Every structure is written in C-alpha cells, then in structure tokens.
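Summary of the model geometry
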Amino acid sequence: MNKLRVIDRKKETDISTYPPDLIRNFSIIAHIDHGKSTLADRLLELTGVISKTGKNKQVLDKLKVERERGITVKAQSASMFYEYNGQKYLMNLIDTPGHVDFSYEVSRSLAACQGTILLVDAAQGIQAQTVANFYLAFGEGLAVVPMLNKVDLPTAEPERAAQQIESTFEIDASKILHMSAKTGLGVDAVLPSVIENMPPPSGSIDQPFKALLFDTWYDKYVGVVCLMAIKDGSIRKGDRIVSNHSKQKYEVTEVGIMHPEPSPTTSLQVGQVGYITCNMKSVSEAHVGDTFYRDKHPVEALPGFVPAKSMVFAGVFPIDADEFARLDESIQKLTLNDSSVSVHKETSAALGQGWRLGFLGTLHMDVFRQRLEEEYDASILITAPTVPYQIKYRDGTTRFIRTPADFPDVHTMQDNVESTMEPFVLATMIFPERYLGQMLELCTLHRGEIQNHVYIDEARVLLKCRLPMAEIVSDFFDKLKSKSQGFASFDYEEAGYEASDLVKMEVLLNNEAVDALASVMHRSSSVVAGRDMAKRLREVIRRQLFDIIIQTAANGKVVARETVKQLRKNVTAKCYGGDITRKMKLLNKQKEGKKRMKKFGKVELPQEAFLTVMTKSE
Amino acid sequence: MKVPFSLYVHWPYCTFLCRFCAFSKARVPAKGVEHERITSALLKELRTSLAPHKDKVLQSIYFGGGTPSLAQPRNIAQIIEAANSLVPLASDAEITLESNPTSAEVGKMRDFKQAGVTRYSIGIQTLNDRTLARMGRLHTGAEGLAAVDRARALFPGKVSFDMIFGFEGQTLDQWQKELETVLKHADNHMSVYQLTVEPGTPLFRDRNAQRVVLPSGDLSAQMYESAVEMCTAKGFRHYEVSNYAVPGSESMHNVGYWQGRQWVGIGPSAHSRFIDPSSNQRISSMRLPDIQRWAQHCEKFGHGTAKSTVISDADAKQEAVVFGLRMLDGITDRRFASVSGGQSLKDYLHMDRVQQYVDDGYLLWNSTDAQLAPTERGLEVIDSILIDIVP
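As a starting point, this report considers the structure included with it. (Residues numbered from 1 in each chain as written. Chains lettered and ligands numbered in written order. Predicted model: local features only at pLDDT ≥ 70, side-chain atom pairs only at ≥ 80, totals over all residues. Heavy atoms only, no water.)

This part is about the sheet that holds strand β16 (residues 363–366) of chain B. Residue and element names in this part refer to chain B. Reading across the sheet, the three strands line up as β15-β17-β16 and stay open at both edges, with antiparallel pairing between neighbours. With one partner strand each, in any of the chains shown, β15 (331–332) and β16 form the two edges of the open sheet. For β16 and strand β17 (residues 371–374), the ladder comprises four bridges, and the chain directions are antiparallel. Considered in β17, the bridge of W365 is made with L372. (Pairing = 2+ DSSP bridges. Helix = DSSP H or I, 4+ residues; strand = E, 2+ residues; numbered from the N terminus.)

Below, the structure is given as structure tokens:
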C-alpha cells in the first residue's frame, strides 16, 4: 500500500491483538549524517505509514530548525505495522538525536527500547559518536544490531567498515547488514533483522499497569502529551493514573500510537510504546524517567534518569528592555518543549533584566537562539557562553561563578580566594592518521593533556585528551573540522574540576567597564586574547560623533588599547525632489538598525560586539 | 494669498554620459532627438498635471535632466508659456535651465534667455581635464569657466554652477586650488557636491571591481570643510549642505524642495509632490523612466505617471524635519505646523537628545522663535543626528 493513510481521529485502532511477542521497540543510533533519518523514512514508507513521495523526506525531523541543519533535536517515536513470516508485528521506532549535546535525550529514548540498530556509514566508518552511543546502548542492556549504510557511494568500503565494527565492538562482521537507505538497497532486510535479532519487550499483561515516561511535549489543544513505554498491564481512556514521583493523579483522555502523527487506539498494552494525554497542564509536571501506575495499584518504580547537566551557559538579554515581558513568554514557551535547558533569571548592571540559560552544548544553544529569533521574532543579545567556574575561598567556602562579571576582582583574589577551578572534559576524537599532527597541535594549543591515542584500523586514529571545558565551548569543534578537512569526529564527557590560573578579562569603553563584555580566561592566553579582542571590537564598533577608546584589561591591568576615531562627516550630498522618498526609506532603515544596538553610556554597541568576545580568531 | 507652486521639467537626452550620473537619461539617438514629439508629450502631461492647481501661483520652473540645454529654445518657450497659461507665473518667478559648457550649448544662451529662462546653471564639475575625460565629460575646465563668464554677461546675478570634489587621486591641495580659481569666476550661486557613488552607475561598477579608488572619508571631510571655509570667506552663505549663495540669490526652486513647497514634475522619471485638491491628500508620484514608454503614455492617456502614493502625516512630519535641517536656517514651528496639524517641534522631536546635541554644539534651538537649526559642525554630521532626534 503506497497511498498516504488518512488519519481519522474519531476512529480508534485496536492494537490489543499485539502481544509482546509480536512487538519490537527499537531505535537507530548513529553518528551525524550517517543516514539515520533517511533510514527511518524508508522504514516508514515500506510499512505504508508515509507515502513514497519526496515531500515526506525525513518526516521524523519535525522542527524547521532541525530540517535546516539536518539534525534531529527532538526525539519522536513512530509505530509501524509489518508482516513477516505470516505474522503481523507492531514495530516501534524510537527516534534519537544524533548529536553529542543531546546524549541525555539519547539515553531517555534508549530506556524505552530493547534493541538498537547501530548504523555506520560505509564510507566514513566508525566515528566518535558511534562509539559513545554504542556504549550508552550497551550499558542499557540493549541488543545492538550493527548495519552498514551508504554502500552505494563510490567511496564506500563496506568490508573495511565491517572490520572496524568487529574490532571495536566485538561483533561478528559477517552478521552485519549492508544497505543504502537512500536508494532502498537492502532496506527490506532491516525489519526482519530487527525481529530476529532483538528481543521482544518483557512484562506481563496480567500485572498491574506500569509505564515509563520517556518524553513529553506541549500541544496547545490538549496540553502535555506523554510518550510512554508500557512495561506491564494496559491502559485506556478513562483510566486514572498516578505519577510515582509527584503522586499526582490524572485521568487519561486519550491513548494512541505515533503513526507518525498521533493516532488514537482503544488501549495501549504491555510492551507497546505510544502517547497518553491526561489533562496535564504543564510540562514541568512530567518528570522524564518517572514511573506511572494505576490509581490504588502502586508498583515498584523503574530506575530513573540522571537529569541533564548544563554544560554551556550564555546570558540572554532583550536588546530593548521594554521587550522583557514578551521575551520571557517566548523563552517559557520554547523551554516547554525542551526541559534540558536550565533557566535562571538574572540582572546585569549593563543590560538590565535577562536570563542565564544553560545548554547541553553549543549546538543546543545555537539551535535555541535560532528558534527564539525566528519563531518568536525576538531581538536578543547573547553574551559569552561560559562554563561554571568554581572559586574556593580561604574560609573554606566554595562558590560557582556562572557570570564572568561575578568573577572576583583582583583585590578579592588576593585577599580571600584560595584557588580558582575550572571544569574539564575527556574528549574522544577519531580521524584519519594523516591529521594526527594537526589534532595533537590543536589539543595542546587548547591546554589539552593527551591521554592516549590508538589506531582503530590501519588508517584511523582514536585520540583521547583531557581538555578544559572552557576551551571547547566556542569554536573548538569548528577548528577541529577545518584542520581535518571535515574528517575528524568529536565527543566528550565531563571529567571534574581542577585548579587553574584564571583571570577576569574586562572591556572598557572610554574608561568605563562594560560588564556584559567581561570574560574569564586562563592567564596564559590573556594578553593575546586581550589584544585580539580590542582589535576586533574596533572593527565592529561603528564611528560615532566622538572618539571611542577601547581597552581590554586582565585582572585590572590594561593589555591592549584601540581607538575608534570620531566621525567627521556624515551627510548626503544631494537631496532634491526626486531623492526624498529614497532618503526617507534609508533613514528609517537606519533607525531600525539603531534599535538593535545597545547603548553603554554614550557608546552604541552592535550585536557583533558581544559575539566578538565570545570567539577567538586564529 | 495664493499658494506657491513649482514645476520641474525633465529633459532626458545627453550627448555624453557621465560615469557618476544616476539620473534617468539616454544618449541622443543616431537620427537625433524627436524634439516635437517629446515637447508635445511634455505639453500634454503639463496640461493634465497643472490643471488642478489653477488657483496657485508658479514660483519657479526648473529644467533639469539629462541635458536641457540640448533642447530647442522654442520648445522651452512653449513649455514656459503653457505653464503660465495654467498656473500664472509670479512676477519674480525663477526659471532655471541646466547647461553643459560645450560650445554648441553655450551658443544658445541668448535664445534661451529670449525663451523666458531667467537663471542659468552650468555643470563645470571639475577644472581637471584628465578627470573630466575619465568621467566621460566632453569638455575642458577652461570651457567650463568660459561658459560661466558668458552666462554672467547674459544673466547677471543669476548664474550658478556645479562643482564636485572627491575624485580619484584628488589631493586637498588640488581641490583648494580649483576652488580658488572657480571662485574668481563665480556669480551669486554655486553648488558643491561630494562625489557620491550611486548604485547602477558605471562609477559604482568601477569601484566594486576596484578599478577606481576614491579618497578616504577623512580626506573628503577636509575637502568639504575647505569648501565651507573658502566660499564663506568670499561672501557666499552656506545655506544648504551643498549650496552656497550670496544672500538673496538662493535657488528658489530648490529651497522649495527643502521647505515643503508643492511641485509637479513632467518628463520621463520626473517626481511630483503635491496636495491633491480633490482629496486633500499629500501625494508623491513618479513618471515612467523609459522615454519611449513615457511618450506613448502621454500621447494615449495625457500623462506618463508610473506610480503614485499617499504620504502619511507621520511621513510628512519626518520629511519636514529631515529636509529642513539640511539648511542652515533649519526649521521653525510655523513651517512645521503646515504638516503637523499644529503639533510643535518641541512635542514631536526627542527633545532630550536635541538638548544634548545643542549642548555639544551640533544644533541650535531658539525657543522664542521655536526654530531648530544646525551649526556648521552639526550640518557636517546631520545624518547621524537626524536618526537620533526624529521619531
């Protein structure tokens, strides 16, 4: 059946005929661009969930921002019906994000599965995230079924990639499926392999209802929608369920499967994965990892999750203070569907009321910023992404510093501070051997401590390095990619705090420190960074009617100085009758541009100025 | 008292095309200009457009283009006559014709005077022959000066000329020397422009391709300041950003633009700005730029209007301030009232910022006369100031 199925919300499908035996809950894990989304599309097409036209390209990537970047931010699930060996199976594909920033989302969705397809690009072979995700899945006790994709590419080397998989993960190379999700070659064998090689969900229909909440989103019509994996028993409309975490009770208004849009069913039973709506008002009531049970029939809770820890912080401020309320609403709406963003209100002497937001990584932050600007038409200033530093005081107390402006000044440092500490990460990089020199240099340049490097096949190196997190939060990844011509892959995990010689870098404009431009850095890079920052600020700050003196100071000591000379002449030479309309258009456009500038004293700063202090030029 | 009105006539042909010119024009066709056809179209458009304004008085007519001095003096006479018959000319009406300094055109001066032209404006641009050639102009600096001298004999006290500074390779010293020479020949009025690179011009393409490098912003500022200094020293008043006049000899037509006088423009690409007597709305309109199409429309419909929009009160107020402040006399509440419906400048502008500029020496605010004006220093950076003080 290749026609697009019309979803009739009033008609409920009966899926009670699918006992756990005939169910498979699986996900696809892969490094970015190895074809996860394309494969997902193919499977949905194959099972008739979506039609074969090009419009359905990568259906599971719902958000516009995701489509633009070719990444999945939000995990979704889709249920498919598949006939195999005379039996009808219910196949639940739980989609997982592909980026290291979202490893939290990956682990949440894995807990709903019993197996996972490990998809590897036959031309690129194993990459850092392949490794990271494999261990995540393996750690959850999932059956990992490796498959090779893109075998149609002229650069594909399937045998070599299969060998890599065998040597890295100790999986028999001969059992690995070869396919091309793009052309469809070999895709027919995927679902049979899933059925044969992955276990069905365990659990009993006779046991009291127990479900794992592994994802939620907010729908403006029905409220919070919860994605659940039913571990025992069953649930239907009208049932009363209880959250194990909050002990709050809810009445179920609808249950169903994602097909790929929400399709109501008469019930959801043990082993099945689907959505439940229960008049839950706010996403904050839904705790991912929570266990739900039927009212008056409590069960033993499932092991929960470790909540995501923010790794990268950025200050977000409205350019126009009057826009604070509207921006507040927009941020609330955006975080409604992304509970991994930490939100703290903050007031800056320079920028007024705003927020310090915590993200899982720079990509996470960038996607968020883009959505805020595009979907909510927000005019915002983003200040330097920072990592949380730790200050140990002489009196034994410790304090986390999340805003550079809060970093102690040189006097406090001398009198009260025992040590300053910064967070470290353990990074894994995989790249072709010929880039080894460049990669080692990149790490040392960024104050890295090489732990080891091994050859994972005759041409590829895996490098482990301990790096200050501050060094990787802005453009490290970009540099990694450019120095390896795109071949290097990167992943990292937290590795604790370590004492470090840190200084506070301040920017002064006409002798006044601009808090919003402050940053914290290691002493070794302060002079060079200070000089660079001053130069780049001079380039982005536009001339005004007076001289602007830019100074950068590390711990109070000036390291660089630049001047933006006053504007001497700014007047249109010719302005006669025919020029009036054009002149007024230009003037109003310039006025609009001015609105996006932030004034500090008399000095106007464009958005670029704040971005300048965030990145280092080479 | 009758409402003053102006007429602009666009004569679109040129014998040579200047590389910096952004006006709508065309080279004289091989078989020559269709003088009668063009004039006939102009007259048709003139009759259609001036008819609603019979109750006004015609304060000025300006022949621009293109090169209006390439027109036949008798056609110029016809247009002036036709205009006068519809909207009577004021007794002191100013009728200006723009001209290039080539000998052919200089030779027609007397005939233009007879046709009714009262004021002559000559495009000298620069005395540097090499620059003139590079810019595509087919005359010399000497011819430019000679043209001014001849015009002064025929139109005493009513001669103006255009100068441009900021050409490639020009030094401050060269510019000052040019100014000194030109001032020796000046009559009562001169326009001094900084060379502006307009999109769509050959100069624009040259600059983008880096075939030409223009003087820095700071050097241009020095040249501008020299012009102000030297012209003022010679008795000219710097009454507008790029215009200098012996007091009393300001360009009536152009002052009209800056002070919000109504006018109608005829000819291809000409702009108009007037209050439609039937609807009382402020209208801004433009004629078709293509000469052939414009002529066809005039023949068929009586005019060649391409588009027409209503100017809102908010826009009109903005314009009044933006253009008023290009003049050293600035703008008064009295003049502002005609577009603001009585709102005072004090209530309209961001006065706190105005005060800051007054304190810093860029603006002058006379509260008794409710007059806001720029200082010379303010005029030089007026575009920055306007963005700030106008809502």
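Let's shift gears to unusual backbone geometry. All names here are of chain A. Phi at K150 takes a positive value of approximately 60°, unusual for a residue other than glycine. Examined against the element boundaries, K150 turns out to sit in the loop between β5 (143–149) and α5 (158–169). Positive phi, normally seen in glycine, also occurs at R447, with a value near 60°. Considering the arrangement of structural elements, one finds R447 in the loop between α10 (436–445) and β24 (449–455). Classification of R447 by relative accessible area gives partly exposed; the value is 22%. (Buried < 20%, exposed > 50% of the residue type's maximum accessible area, 1.4 Å probe, protein only.)

This paragraph deals with the pairing of strand β11 (residues 262–266) of chain B. Residue and element names in this part refer to chain B. Buried residues dominate β11, accounting for five of its five residues. What you see with β11 is no split at all: Q262, V264 and I266 on one side and W263 and G265 on the other are buried throughout. In this sheet, β11 lies alongside strand β1 (residues 4–11) in parallel orientation, the contact comprising five bridges. Paired with F5 across the two strands is Q262, which belongs to β11.

Attention now moves to the pattern of salt bridges. Scanning the entire structure with this criterion turns up 44 salt bridges over all chains. Salt-bridge contacts for E323(A) lead to R326(A); the nearest nitrogen and oxygen are separated by 3.0 Å. Exposure remark for E323(A): the relative accessible area of 32% places this residue in the partly exposed category. Among the residues examined, R326(A) registers a relative accessible area of 41% and is labelled partly exposed. Between D187(B) and R152(B) there is a salt bridge, with the nearest N and O atoms lying 3.5 Å from each other. Placement of D187(B) in the loop between α7 (172–185) and β8 (189–194) and of R152(B) in helix α6 (residues 141–154) is noted, with a sequence separation of 35 residues between them. Its relative accessible area of 11% is what places D187(B) among the buried residues. Accessibility expressed as a relative area gives 32% for R152(B), which makes it partly exposed. One network of salt bridges, with partners in common, ties together R240(A), K249(A), D295(A) and K296(A). (Salt bridge = Lys/Arg side-chain N within 4 Å of Asp/Glu carboxyl O.)

A few words now on the packing of helix α14 (residues 580–595) of chain A against helix α12 (residues 313–324) of chain B. Between α14(A) and α12(B), whose axes approach to 11 Å, the crossing angle comes to 100°. Overall, the two elements α14(A) and α12(B) adopt an arrangement that is roughly perpendicular. Together, I580(A), K583(A), M584(A), L587(A), N588(A) and K591(A) of α14(A) and Q318(B), E319(B), V322(B) and F323(B) of α12(B) make up the contact between the two elements. Its residues assigned to classes, the contact of α14(A) with α12(B) comprises five nonpolar, two polar and three charged. (Axes fitted to C-alpha atoms, helices over the stretch in contact; angles between N-to-C directions. Parallel < 35°, antiparallel > 145°, perpendicular 65-115°, else oblique. Contact = heavy atoms within 4.5 Å. Nonpolar A, V, L, I, M, F, W, Y, C, P; charged D, E, K, R; others polar.)

This next bit is on the sheet that holds strand β10 (residues 240–243) of chain A. Neighbouring strands of a sheet are bound in pairs by backbone hydrogen bonds; such pairs are parallel or else antiparallel. Residue and element names in this part refer to chain A. Spatially, β11-β10-β16-β7-β8-β15-β12-β13 is the arrangement adopted by the eight strands of the open sheet, whose pairing is antiparallel. Every interior strand has two partners, whereas the edge strands, β11 (249–251) and β13 (262–264), have only one. Here the average twist between neighbouring strands, direction ignored, is 40°. Here five bridges tie strand β8 (residues 223–232) to strand β15 (residues 273–277), and the two strands are oriented antiparallel to one another. Note that in β15 the partner of V225 across the bridge is T277.

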